[in-house]
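Geometric and topological summary
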Amino acid sequence: MTFAQQCNRIFDETVALYHLTDDVDFKPQNPYSANDPAHTLFAKNWIDAVQWHLEDIIRDPEIDPVEALALKRRIDRSNQERTDMVEEIDTYFLEKYAGVTPLPDASINTESPAWAIDRLSILALKIYHMKAETERTDASEQHLAKCHAKLDVLLTQREDLTAAIDRLIDDIAAGRKFMKVYRQMKMYNDPSTNPVLYAGK
């Protein structure tokens, strides 16, 4: 099983586990050891699953404004945690292939392996929820047909992205591609770079 295929397996299992409780406050037991990249992949996808449902909740037109603000702050924290975990996965690849000398004509990819894997994580959630839409008994035939068509596209997208990620990892290992990771700089979370936060100091 390739690395990206392992990611899909972990993400599908994690999404299914989340929906056993469907509780944004539930704290799962990570089944993987801390030094295994699967540990981060599980934690990353769990955060994505929780955030998916927080985004649903905050769009309730009847939501209390105070509750909505608290959810928005929670989503902001979640986004930062997600970013940190993506960078942790990229660090794994940087260390794993640190000894590889890029070939003279090696090129850089438009995104790092971990940011592509981040998209796989979101795709697992999209596929799960779109499949659920195709199984609704209270929806019209038109809705079901539209969701079936969208599910087919999502499954094809995951197949293509999985192959592309594995090809990228192979290229990095062979020196045909090289990694250059730009650490994220979320200025709105930083009290020293968000003018709203530092203006009152």
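Our next topic: the packing of helix α1 (residues 3-21) against helix α5 (residues 141-174). Working note: a packed helix pair is described by the angle between its axes plus the distance between those axes. Running from N to C, α1 and α5 point in directions that differ by 135°, and their axes come no closer than 8 Å. Judged on the interaxial angle alone, α5 and α1 are oblique. Along its contact with α1, which presents F3, A4, Q5, N8 and D12, the element α5 presents R158, T162, I165, D166 and I169. Looking at the contact of α1 with α5, its residues break down into four nonpolar, three polar and three charged.

Where α1 meets helix α4 (residues 113-134), the closest approach of the two axes is 9 Å, and the angle between their N-to-C directions is 45°. Classed by the angle they form, the pair α1 and α4 counts as oblique. The two elements α1 and α4 meet at a crossing, and its hand is right-handed. Across the interface between the two elements, F3, A4, C7, N8, F11, D12, V15 and H19 of α1 pack against I117, L120, S121, A124, L125, Y128 and H129 of α4. Each residue belonging to the contact of α1 with α4 can be placed in one class, and the counts come to ten nonpolar, four polar and one charged.

The next point concerns the environment of D12. One can find D12 in helix α1. By relative accessible area, which is 33% here, D12 ends up partly exposed. Residues D12 and I127, spaced 115 residues apart in sequence, show a C-alpha to C-alpha distance of 9.2 Å. Excluding residues that lie within four positions of it along the chain, D12 makes contacts with A124 and R158.

Attention now moves to the pattern of salt bridges. Tallied over the entire structure, the rule returns 14 salt bridges. R136 is the salt-bridge partner of E133, the closest N and O atoms lying 2.9 Å from each other. Residue class for E133 comes out partly exposed when judged on its relative accessible area of 24%. The partly exposed category is assigned to R136, whose relative accessible area is 33%. Across the salt bridge formed by R176 and D171, the nearest N and O atoms sit 2.7 Å from each other. Under the relative-accessibility criterion, R176 is labelled partly exposed at 43%. Beyond isolated ion pairs, a larger network of salt bridges with shared partners links K44, D48, R82 and D118.

For the rest of this paragraph, the subject is the side chain of S112. Within the secondary structure, S112 is located in the loop between β1 (107-108) and α4. Residue S112 is classed as buried on the basis of its relative accessible area of 13%. In this structure the side chain of S112 is engaged in a polar contact, spanning 2.4 Å, whose partner is the side chain of D90. S112 has contacts with D90 and L168, leaving out every residue within four places of it along the chain.

Conventions we followed
Residues numbered from 1 in each chain as written. Predicted model: local features only at pLDDT ≥ 70, side-chain atom pairs only at ≥ 80, totals over all residues. Heavy atoms only, no water. Axes fitted to C-alpha atoms, helices over the stretch in contact; angles between N-to-C directions. Helix = DSSP H or I, 4+ residues; strand = E, 2+ residues; numbered from the N terminus. Parallel < 35°, antiparallel > 145°, perpendicular 65-115°, else oblique. Contact = heavy atoms within 4.5 Å. Nonpolar A, V, L, I, M, F, W, Y, C, P; charged D, E, K, R; others polar. Left-handed = near helix turned anticlockwise from the far one by under 90°. Buried < 20%, exposed > 50% of the residue type's maximum accessible area, 1.4 Å probe, protein only. Salt bridge = Lys/Arg side-chain N within 4 Å of Asp/Glu carboxyl O. Polar contact = N/O pair within 3.5 Å; in protein donor to acceptor, adjacent residues only side chain to side chain.

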